[in-house]
Amino acid sequence: DSEERFILHLKATGIDEMEEQDVQVYAAGGQVYIRMNEQNKFNQVMIYDLAGRLTYESQLNEHSLQSIDLNQLSGTYLVHLIGENQNQTKKIVL
């Protein structure tokens, strides 16, 4: 495995950043929910465990709210969203 598999960028968060957030990713009841706005659409999602192993990959559709069933998984995961103009990674706990 390469040491450069993915790069994590951590920064302080605040209320101002919450207002500017363009995508929401959260988990509840074994489901991962992705809520996108009109400004930034993502077309692919990849979910990794903290060891860097790909556990889920799928294309996203045009709906603003999408759910992914991950009942078989538990723990902390990174949700990597890929779009035409940008990529974002969010952390979730199942």
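Bear in mind that the values here come from a model prediction, so they are computed numbers and not experimental data.

1. Here we look at the side chain of Gln-88
Here is step 1: Note that Gln-88 resides in strand β7 (residues 87–93).
Here is step 2: Excluding residues that lie within four positions of it along the chain, Gln-88 makes contacts with Asp-22, Val-23, Phe-42, Val-79, His-80 and Leu-81.

2. Comments concerning the sheet that holds strand β1 (residues 23–28)
Here is step 1: On the basis of which strands lie adjacent, the open sheet formed by three strands has the order β1-β2-β5 and antiparallel pairing. The sheet is open, and its two borders are formed by β1 and β5 (65–69), each paired with just one other strand. The mean angle between the axes of side-by-side strands here comes to 20°, regardless of whether they run parallel or antiparallel.
Here is step 2: When strand β2 (residues 31–36) meets β5, the two strands line up antiparallel, connected through five bridges. By the bridge assignment, Arg-35 is partnered in β5 with Leu-65.

3. Quick look at the environment of Gly-29
Here is step 1: Mapped onto the secondary structure, Gly-29 falls in the loop between β1 and β2.
Here is step 2: What makes Gly-29 exposed here is its relative accessible area of 73%.
Here is step 3: With 41 residues separating them in the primary sequence, Gly-29 and Leu-70 have C-alpha atoms 9.0 Å apart.

4. Let's talk about the pairing of strand β3 (residues 42–49)
Here is step 1: Buried residues dominate β3, accounting for seven of its eight residues.
Here is step 2: Looking at chain direction, β3 and strand β6 (residues 76–83) are connected through seven bridges and run antiparallel. Opposite Met-46, over in β6, you have His-80 as the bridge partner.
Here is step 3: In terms of strand pairing, β3 meets strand β4 (residues 54–59) through five bridges, oriented antiparallel. Across the sheet, Ile-47 pairs through a bridge with Tyr-56, a residue of β4.

Reading the values: the criteria
- Position numbers for residues count from 1 along each chain, tracking the sequence in the order it is written.
- For this predicted model, a pLDDT threshold of at least 70 governs which residues receive local features, and a threshold of 80 or more governs which side-chain atom pairs are given and counted, while totals over whole chains, interfaces and linings are taken from all residues.
- Derived side-chain values reflect all non-hydrogen atoms in the structure, with water molecules and hydrogen atoms excluded from consideration.
- Secondary structure is summarised from DSSP: a helix means a run of H or I of at least four residues, a strand means a run of E of at least two, and numbering begins at the N terminus for each.
- Note on contacts: a residue pair qualifies if any of its non-hydrogen atoms lie within 4.5 Å across the two residues.
- A pair of strands is treated as paired once DSSP finds two or more bridges between them.
- Axis lines are fitted through C-alpha atoms, for helices just across the contact stretch, and the angle between N-to-C directions can take any value from 0 to 180 degrees.
- When a residue's accessible area, from a 1.4 Å probe over protein chains only, is under 20% of the maximum for its type it is buried; when over 50% it is exposed; and in between it is partly exposed.

So far we have only geometry, and geometry alone does not tell us how the molecule works.
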